[in-house]
Amino acid sequence: GTNVFRWTISNGVCAPSFDEVSITVENQNIVASAGIDQNICTPITNLNATAAPGGVWTVVSGSGIFSNANLESTGVSGLSLGANVFRWTIDGGTCSDVSDDVTITVNTAPSSALAGQDQTICATTATLNGNTPIVGSGSWTVVSGTAVFSNANQPNSGVSGLSVGQNILRWSISNGVCTPSIDEVIITVQSLPTVASAGSDQNVCGNSVQLSANTPITGVGSWSVVSGSGTFTNASNPQTQVTGLGSGTNVFRWTVTNGFCQPSIDEVSIQRFQS
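Here, residues in each chain are numbered from 1, in the same order as that chain's written sequence. The predicted origin of the model limits local features to residues at a pLDDT of at least 70 and limits the giving and counting of side-chain atom pairs to 80 or more, whereas totals for whole chains, interfaces and linings rest on all residues. Water and hydrogen atoms were dropped before computing side-chain values, which therefore reflect all heavy atoms in the structure.

Novice: Before we go on, may I ask you to explain the state of the cysteines in this structure?
Specialist: Note that a disulfide, as used here, is simply two cysteine sulfur atoms within 2.5 Å. Summed over all chains, the structure comprises two disulfides. Bridging Cys41 to Cys178, the disulfide has an S-S length of 1.8 Å. In this structure, the disulfide formed by Cys41 and Cys178 twists by about -110° around the S-S bond and is classed as left-handed. You can see Cys41 sitting in the loop between β3 (38–40) and β4 (45–46) and its partner Cys178 sitting in the loop between β15 (165–174) and β16 (181–189), a full 137 residues away along the chain. Think of it in three bands: residues with accessible area under 20% of the maximum for their type are buried, residues over 50% are exposed, and the middle band is partly exposed, with areas taken using a 1.4 Å probe on protein chains only. The exposure class of Cys41 is partly exposed, given its relative accessible area of 29%. Judged by relative accessible area, which is 7%, Cys178 ranks as buried. The disulfide partner of Cys122 is Cys261, and the S-S distance across this bridge is 2.0 Å. Helix and strand assignments follow DSSP, with helices taken as H or I runs no shorter than four residues and strands as E runs no shorter than two, numbered in order from the N terminus.

Novice: I'm lost on the side chain of Thr255 in this one. Help?
Specialist: Structurally, the position occupied by Thr255 is in strand β22 (residues 248–257). With relative accessibility at 14%, the residue Thr255 sits in the buried group. Residue contacts are defined here by distance: any two heavy atoms, one from each residue, within 4.5 Å place the two residues in contact. Sequence-distant contacts of Thr255, defined by excluding residues within four places in its chain, comprise Val220, Gly221, Ser222, Pro263, Ser264 and Ile265.

Novice: Mind showing me how you'd approach the packing of aromatic side chains here?
Specialist: In this description, a pair of aromatic rings is defined by centroid distance and the angle of the planes. Two rings belonging to Phe, Tyr or Trp (six-membered ring only in the last case) form a pair when the distance between their centres is within 6.5 Å. Interplanar angles under 30 degrees mark stacking, angles over 60 mark edge-to-face geometry, and anything in between is tilted. Here the structure, examined in full by the defined rule, presents eight aromatic pairs. Each ring, one from Phe66 and one from Phe86, has its centre 5.5 Å from the other, and the planes form 75°; the classification is edge-to-face. Here Phe86 lies in strand β8 (residues 82–90) and Phe66 lies in strand β6 (residues 65–66), a separation of 20 residues in the sequence. A centroid spacing of 5.0 Å and a plane angle of 35° characterise the contact between Trp140 and Trp171, whose relative ring orientation is tilted. A residue pair is termed long-range when its members are at least 10 positions apart, and Trp140 in strand β12 (residues 137–144) and Trp171 in strand β15 qualify at 31 residues. Judged by its relative accessible area of 3%, Trp140 is buried. Through a chain of ring-to-ring contacts, the aromatic side chains of Trp57, Phe66, Phe86 and Trp88 assemble into a single cluster.

Novice: I tried to follow the nonpolar core on my own but got confused; where do I start?
Specialist: One broad trend across soluble globular proteins is that nonpolar side chains are buried collectively. The criterion is simple. A nonpolar core is a set of buried Ala, Val, Leu, Ile, Met, Phe, Trp, Tyr and Cys residues joined through side-chain atoms within 4.5 Å. Counting residues in each nonpolar core, the largest one holds 16 residues, and the members touching the most others are Leu128, Trp140, Val159, Leu162 and Leu169. Those elements that provide at least two residues to this core are β15 and β16.

Novice: Sorry, what's going on with the pattern of salt bridges here?
Specialist: Any two side chains of opposite charge can pair if their charged atoms end up close together. In what follows, salt bridge is the name for a side-chain nitrogen of Lys or Arg lying within 4 Å of a carboxyl oxygen of Asp or Glu. Per the stated rule, a full pass over the model turns up four salt bridges. A salt bridge links Glu184 to Arg170; the nearest nitrogen and oxygen atoms lie 2.4 Å apart. Residue Glu184 is found in strand β16, and its partner Arg170 is found in strand β15; the two are separated by 14 residues along the sequence. Looking at Arg170, the relative accessible area reads 27%, which means it is partly exposed. In this structure, Glu267 engages Arg253 in a salt bridge whose closest nitrogen and oxygen atoms are separated by 2.5 Å. On the criterion of sequence distance, the pair formed by Glu267 in strand β23 (residues 264–272) and Arg253 in strand β22 is long-range, its members being 14 residues apart. On the basis of relative accessibility, which here comes to 27%, the residue Arg253 falls in the partly exposed class.

Below, the structure is given as structure tokens:
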């Protein structure tokens, strides 16, 4: 503050002569604080310096437009990708100005994730088809079902240990503190059909016979004529009756299918002799 000193000159009984001088000491203990560095994903944020009369924001590097450069908590927009450095300077009067810098790092939003098309398969292994990120890095995780990734960070990773039914897998692309981009793929594993058994070969004298295939536990079965002739009472019944047998060898096929899986087949030979 202000310090006043008086210079007085005296001589005997005469009235003294005096004069005064004021020494004003400015506050030299001001400390500037520009706030904590920020990592963000948008080109706009709020600054948080300590309040002080005569404070002003300036751009050191990068870019930024201040809503009010004299306000310690001003908004700033138009930030560049990467590091943007801003300086909060407090006027020191006749003393030196004091300042502090803050760095606002703007991250790029990650590439949009694409997990690939859904798959229906008959095995417990598959190859995934996620997209390769241009920005950020990707990783696979299991949402439901089971899976073991050969490389969870590879968009085209192999995957094994899939469960029968639906397995939902997620491809996430992340970049810094930005919200990850995610997409999911469904890998549906179908069970292999029950192994077909068409029954024992038979020799008959008539033109009809009873077939005796196994009943599928997984999948559905159907009869078909391979050679010779025959008409099935119910081609979907493993124990169906077949009539109209041709003379000689008649071969019938029992096929068990389940979805896209490779069918299981077995054949039976019915030898018809003329009576």
